[in-house]
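Structural overview for review
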Amino acid sequence: MAASDSAGDDSLYPIAVLIDELKNEDVQLRLNSIKKLSTIALALGVERTRSELIPFLTETIYDEDEVLLALAEQLGNFTTLVGGPEHAYCLLPPLESLATVEETVVRDKAVESLRNVAQQHSPADLETHFVPLVQRLAAGDWFTSRTSACGLFSVCYPRVSAAVKADLRAHFRSLCQDDTPMVRRAAASKLGELAKVVEVEYLKTDLIPMFVNLAQDEQASSDSVRLLAVEACVSIATLLQQEDVEQLVMPTLRQCAGDTSWRVRYMVADKFTELQRAVGTEITRTDLVPAFQSLLKDTEAEVRAAAANKVKDFCQSLDKTHQENIIMTSILPYVKELVADPNQHVKSALASVIMGLSPILGRHNTIEHLLPLFLSQLKDECPEVRLNIISNLDCVNEVIGIQQLSQSLLPAIVELAEDSKWRVRYAIIEYMPLLAGQLGQEFFDEKLNALCMTWLVDHVFAIREAATLNLKKLVDQFGAEWAENTVIPKVLAMSRDQNYLHRMTCLFCINVLAEACGADITTRLLLPTVLSMASDNVANVRFNVAKSLQKIGPQLDHAVIQPQVKPVLDKLNIDPDVDVKYFASEAIAGIAG
């Protein structure tokens, strides 16, 4: 008897502990116990999880938001712990309560878990248990439950009977017309996903009128409803035939493109290429081109920037037979105006894509119409505009060749290279190897080589470091012979510089050049300089000599290491400076290894 009593006590133990922990004043302890729920459910078994744990959780939902968030997340993965899909409906009561709380992140997580659990339900269980839950939430007194309901329609709609579907559509319609803007906003954000699962006939008769109403939502502060309707526009247009798009969607889209709220127009600009794909080439030509023109000359800079960002993609997707004509007559005049836009974000957005028009328009149009625009952007006072042009030069180069650009390109590069902001100088270094490849060795030596050497003595370390790596990339591009004639003499001259930082930069350059130039040049030219710097009067230089010798060791022959390198390292190994000794011993071990 006693044994069976104690067995009963043992079986109550997990839930008793959970009750204690969930009543503890320490939030962290309550949070930890929620995170262990799956372990407790395993200990209880499926029967008792269903009959005791889930009801207990449903009754005690009142806690800090982070505890509720953890609970909502846990319950979404609980189906197997309550006995599999046929018992998944047991999880609905606690999740329903969580879907009505005030904190948005908790509600969103509860909706996400309800969507997971809905997929485990059979069609019969959906109708018996899940749909009534959606209906209760949709008719709730508080807007919180009604906003949560909006996200649940699309998961149950495809697998229920026609009568239930009609009821769900009616509920969704009432949510789209709700008095509270937050509910209408939630309905607008979920309209697109519901459209994908609703039959086409009801899409036309039920959902499109809802969409039209949302897109015309005039209540104060509800431009957020209208801008979400723009997203639904993309989904709906994708699902309809061409003539239906023209009749049912385009009037609303035209209205959104000219909306009084800049945020709605911004959303149209942001989704423009998706809309273009959804409506097809014919409507693009008749409707979207004029809409695009008005967005490119919008009064708000944010709208113009979003539209400018889409110029290349929009032009690329135009119908090939009319492509060049549309760009030249309808788009390019507006692009020309944007090049001189007063807002730098607009100019920068355009500069990041405008070069992509070259391959579309071909050599003649690029030289005649685009080149003047590129050149004026290269002289723009905003560094970001100039950089965006330089970083996309390769696609223009393929179309017209670099000679056309070089006369105006160089002054802009020199200006950027000497910009007072170090980040701008840093960014231009990144593009040097790209430019070197495009301009060719002769042109580079004549115009840009001196610039690359100047960066090595910049007062900002990040620039000196980037310039060092840049040298290696240039040697990879132009070869060791070029390095020997052009770069190495200048680098070695730095070893005699008065400034010890420049002498250290010399060593850093030798580290990367040794690898790029190979054994012969390293032994003949680089090694003697490193060895001569071993007696430098600055300890930082001496320990960098030790590091350099270790670094270039793999390029050196054993016959060189023993008579030349080893004695120098031995001498550094007894240096009075502790760091020099440390790096010398590391180098000795590294070379010996």
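Refer to the structure above for everything that follows.
Our subject in this report is the structure included herewith.

Reading guide: rules and limits
- Residues numbered from 1 in each chain as written.
- Predicted model: local features only at pLDDT ≥ 70, side-chain atom pairs only at ≥ 80, totals over all residues.
- Heavy atoms only, no water.
- Axes fitted to C-alpha atoms, helices over the stretch in contact; angles between N-to-C directions.
- Helix = DSSP H or I, 4+ residues; strand = E, 2+ residues; numbered from the N terminus.
- Parallel < 35°, antiparallel > 145°, perpendicular 65-115°, else oblique.
- Contact = heavy atoms within 4.5 Å.
- Nonpolar A, V, L, I, M, F, W, Y, C, P; charged D, E, K, R; others polar.
- Patch = residues over 30% accessible without salt bridge, like charges linked within 9 Å, V, L, I, M, F, W, Y side chains within 5 Å.
- Areas by Shrake-Rupley, 256 points an atom, 1.4 Å probe, with all protein chains shown as cover.
- Salt bridge = Lys/Arg side-chain N within 4 Å of Asp/Glu carboxyl O.
- Lys, Arg positive; Asp, Glu negative; His and termini not counted.
- Charge placed at Lys NZ, Arg CZ, Asp CG, Glu CD.

**As for the packing of helix 21 (residues 357-378) against helix 22 (residues 383-391)**
- Contact geometry for helix 21 and helix 22: axes closest at 8 Å, N-to-C directions at 130°. Between helix 21 and helix 22, the interaxial angle falls into the category oblique. Across the interface between the two elements, F374, Q377 and L378 of helix 21 pack against V385, R386, I389 and I390 of helix 22.
- Of the residues belonging to the contact of helix 21 with helix 22, the class tally is five nonpolar, one polar and one charged.

**Some details on a negative patch on the surface**
- Taken together, the side chains of E64, D65, E66 and E102 define an acidic patch exposed on the protein surface.
- Examined against the element boundaries, E102 turns out to sit in the loop between helix 5 (92-98) and helix 6 (104-120).

**Quick look at the environment of T104**
- Counting through the fold element by element, T104 comes out in helix 6.
- Each C-alpha atom of the pair T104 and S148 lies 9.3 Å from the other, and the pair is 44 residues apart in sequence.

**A closer look at the environment of I591**
- Here I591 lies in helix 34 (residues 578-592).
- It is 9.0 Å that separates the C-alpha atoms of I591 and K566, two residues lying 25 residues apart in sequence.
- If we skip the residues at most four places from it in the chain, I591 touches L549, Q550, I561, V565 and L569.

**Let's talk about the side chain of N365**
- Structurally, the position occupied by N365 is in helix 21.
- With sequence-adjacent residues up to four places away left out, N365 is seen in contact with E324, M328 and L370.

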